[in-house]
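Analysis of the macromolecular model
Each chain, letter by letter, is given below.
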Amino acid sequence: MKFYLLALIFFITGFLCAQQADYVDFKSAAVWVTFQPEAKTVLGEVTYKLDILKSRDSIFLDAINMEFSLVSLNGKSVDFRSDSKKLWIKRKLKKGKSYELKFEYKAQPKKALYFIDWEYPDGNKQIWTQGQGKYTSNWLPSIDDMNDKIEFDLSITFNKNYEVIANGKLIDKQINDSTMTWHYDMRKPMASYLVALAIGKYDKQIEYSESGITLEMYYYPEDSLKFEPTYRYTKQMFDFLEEEIGVAYPWQNYKQIPVKDFLYAGMENTSATIFSDAFVVNDTAFVDKNYVNVNAHELAHQWFGDLVTETSGTHHWLQEGFATYYALLAERDVFGDNYYYWRLYEYLQELDVQDKSGGSTALLNPKSSSTTFYKKGAWVLHLLREQVGDDAFKSAVKSYLNKYAFKNVKTKDFIAEVERTSKQDLSKFVALWLENKDLNYNLMLESLKQSVFIQEYLMVDCELYTSKCGEYLNSGISDEAKAKVIEQIPNQITTDNFKSSIKVRQAIATSISIIPERLKQDYESLLQDESYVTIEAALMNLWRNFPQERYKYLNQTKGIVGFHDKNVRMLWLTLALITDGFEPENKPEYFKELTDYTSPKYSFDIRQNAFMFLQQIQACNEVCRENLKEATTHHNWQFSKFSKSMLQALNQN
Ligand SMILES: [Zn+2]
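Here is a short report on the structure shown in this document. (Residues numbered from 1 in each chain as written. Predicted model: local features only at pLDDT ≥ 70, side-chain atom pairs only at ≥ 80, totals over all residues. Heavy atoms only, no water.)

1. A few points about the nonpolar core
Counting residues in each nonpolar core, the largest one holds 217 residues, and the members touching the most others are Phe-35, Tyr-105, Tyr-326 and Phe-414. When near neighbours in sequence (up to four residues on either side) are disregarded, Phe-414 contacts Trp-317, Leu-318, Phe-322, Leu-381, Leu-384, Phe-393, Val-397 and Tyr-400. (Core = buried A, V, L, I, M, F, W, Y, C linked by side-chain atoms within 4.5 Å. Buried < 20%, exposed > 50% of the residue type's maximum accessible area, 1.4 Å probe, protein only. Contact = heavy atoms within 4.5 Å.)

Below is the structure:
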């Protein structure tokens, strides 16, 4: 009997969960929220407007571990029940009628909304959200199912010394006393996972697209010099994508906000992309690590993902494959054709590695890896466009977006448009590239060979043609081809090869481990390159190869910080500590600095670097260990995993 009851309950809830979008349409949500950051608490008041499509006895919202009060329906208090996952409203709801559901709630979200640094006086205090993969219902009662799109208007009350950013257009800032209420307005509906806000200390610069859309680019006040390299090409790529896609940007404005300790590279919240502040770079860092690709990717999602949204994970490539492909097109516009084919070649190599380890899956398999969804997805669009031609491809994309705007899509919806515009039967294409799990490496490589640049790269192979390799190094082949040769025959490098571009010199820096005396001087010049990858590799190598010159190398690189994770500074501090006789009076200070970088007030990439260097020189002291313990509970799972395994290793010794 017990079993029977449980089974019945499971059946009913299962049935209701899957079907709610069929009988109720949530139209809009007027949301007001405020925060108690020290208590990591959200307080809110929400009014949902909804239409009943089929009569029902109850409806629900997804709401994880929340407390509700003053729940009313059309102004009258109503029976409700909330458990750890949902808010249930019990009431007969009639087909064809509209209702207004209103309530107040309180939550202490464990994920999807993050309070950063509020416990540290000099921390970079922020609040920001991540709805995809984490569910907005952790902090805002909403609909986890992507198929019910809602117009969310957010109002947020907070300390007026902060900047508050959310989806849509800021229509009003209301000053209370010490607080302010920011009113954001959306005109169109979106899936709940795209609802977002970010709070922190920011400045911003504004540009306008050719079509008149406001592009708001946020940055920390202390990063004004990094603004230009960080947001380089933003307007160009925006204009390019609007033109290329052929459908006007669907939202009122476009905002980009860097945040500390973000979970991913970036997230395409509707009209408000949030991205990792590790991409906030200066001119030198830009060379090796910049925001350009992520910038274009999240922007492309504003159409592919936000305007048209997958119905389920089976069609995830309609979001990630498209965003990856259109980002590549935008980068092609900036960096040229060779870059475009080069990136496709790199994607293919990554797919090949996955394939060889047995990890290939069909693109339409919802359990596919990110590599498949993103990179195979982009490749499939590249190949499809080759097959049907530019015109048919572009007009299919255009009508697909127009037809399904603000709705949900399946793969067949897109394919049907391409079949219509191209007048081709694509069943073979779909079977080969979408349904089949084989990679078809050779077919893909064939497509790349239309690029002379790729042909040359493939031809230059010192494992096959050893005799010619010295010549290759001094010929006019591309930087990528030269780098390949250098990696294959580092012992044949000559002084002349140092007279090359920054990328080729970087290949030299990272490929040679034993520096011959004849190249010492040339190799030393790498310490002056405008590349933090090059400087880090060169400093390490020179220090190792020429012990008698260590003071010189350390003095030369003393003030260099490097990337966001302080790669050069960390290496420098470590080497300074273990170099006999180098500034003995300053060693305690250097050790303190390196240890301090393990503290929670720093970003996790900085902390992880500091932990690794301290472990390498076996100098993780009590302070470092305490910080490591703290790190095991960090919201970034990769970092907490790293910390757990390092702590385990320390405890074993
Ligand atoms: Zn994406």
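Text resumes after the structure shown.
2. Topic: the state of the cysteines
Enumeration according to the criterion identifies two disulfides in this entry. What pairs with Cys-462 in a disulfide is Cys-469, and their sulfur atoms sit 1.8 Å apart. One disulfide, between Cys-462 and Cys-469, carries an S-S torsion of -115° and so falls in the left-handed class. Relative accessible area serves as the criterion here: at 3%, Cys-462 is assigned to the buried category. (Disulfide = S-S within 2.5 Å.)

3. What to know about the sheet that holds strand E6 (residues 80-82)
Across the sheet, three strands lie side by side as E3-E7-E6; this open sheet has antiparallel pairing. Edge positions in the sheet fall to strand E3 (56-62) and E6, since each of these pairs with one other strand and no more. The sheet shows a mean angle of 20° between the axes of neighbouring strands, taken without regard to direction. Bridging between E3 and strand E7 (residues 86-93) involves six bridges; their strand directions are antiparallel. (Pairing = 2+ DSSP bridges. Helix = DSSP H or I, 4+ residues; strand = E, 2+ residues; numbered from the N terminus. Axes fitted to C-alpha atoms, helices over the stretch in contact; angles between N-to-C directions.)

4. Brief notes about the packing of aromatic side chains
Tallied over the full model, the rule gives 56 aromatic pairs. Centroid distance Phe-227 to Tyr-231: 5.2 Å. Interplanar angle 40°. Geometry classified as tilted. With Phe-227 and Tyr-231 both in helix H2 (residues 227-231), this residue pair falls four residues apart, about one helical turn. Look at Tyr-231 and you get buried, because its relative accessible area is 4%. With a centroid separation of 5.0 Å and an interplanar angle of 55°, the aromatic rings of Phe-238 and Tyr-249 are classed as tilted. One end of the pair, Phe-238, is in helix H3 (residues 234-245); the other, Tyr-249, is in the loop between H3 and strand E18 (253-259), with 11 residues separating them in the sequence. Residue classification places Phe-238 among the buried residues on the basis of a relative accessible area of 1%. Grouped by ring-pair contacts, the aromatic residues Phe-304, Trp-317, Phe-322, Tyr-325, Tyr-326, Phe-393, Tyr-400, Tyr-404 and Phe-414 constitute a single cluster. The positively charged end of Arg-232 is found above the aromatic ring belonging to Phe-286, 4.4 Å away from the centroid. The positively charged end of Lys-289 is found above the aromatic ring belonging to Phe-279, 5.6 Å away from the centroid. (Phe/Tyr/Trp six-rings, centres within 6.5 Å; stacked < 30°, edge-to-face > 60°. Lys NZ or Arg CZ within 6 Å of the ring centre and 35° of its normal.)

5. Quick notes on the coordination of the zinc ion
At 2.0 to 2.1 Å from the zinc ion lie its protein donor atoms, namely His-297 (NE2), His-301 (NE2) and Glu-320 (OE). The class for His-297 is buried, based on a relative accessible area of 8%. (Donors = N, O, S within 2.8 Å, 3.2 Å for Na, K, Ca; no water.)

6. Notes on the pattern of salt bridges
For the structure shown, the criterion picks out 35 salt bridges. Notably, a salt bridge pairs Asp-25 with Lys-27, separated by 3.4 Å at the nearest N-O pair. On the basis of relative accessibility, which here comes to 22%, the residue Asp-25 falls in the partly exposed class. For Lys-27, a relative accessible area of 41% corresponds to the partly exposed category. We note a salt bridge from Lys-552 to Glu-524, for which the minimum N-O separation is 3.2 Å. Pair noted here: Lys-552 is in helix H19 (residues 550-556) and Glu-524 is in helix H17 (residues 520-524), with a separation of 28 residues, a long-range link. (Salt bridge = Lys/Arg side-chain N within 4 Å of Asp/Glu carboxyl O.)

7. What to know about the environment of Gln-528
For Gln-528, the position within the fold is in the loop between H17 and helix H18 (532-545). Judged by its relative accessible area of 56%, Gln-528 is exposed.

8. Concerning the packing of helix H15 (residues 479-488) against helix H16 (residues 502-511)
With their axes 9 Å apart at the nearest point, H15 and H16 run at an angle of 15° to one another. With respect to H16, the element H15 is oriented roughly parallel. For H15 against H16, the interelement crossing comes out right-handed. In this structure, H15 uses Asp-479, Lys-482, Ala-483, Ile-486 and Glu-487 to contact H16, whose residues at the interface are Lys-503, Val-504, Ala-507, Ile-508 and Ser-511. Of the residues that constitute the contact of H15 with H16, the class distribution is five nonpolar, one polar and four charged. (Parallel < 35°, antiparallel > 145°, perpendicular 65-115°, else oblique. Left-handed = near helix turned anticlockwise from the far one by under 90°. Nonpolar A, V, L, I, M, F, W, Y, C, P; charged D, E, K, R; others polar.)

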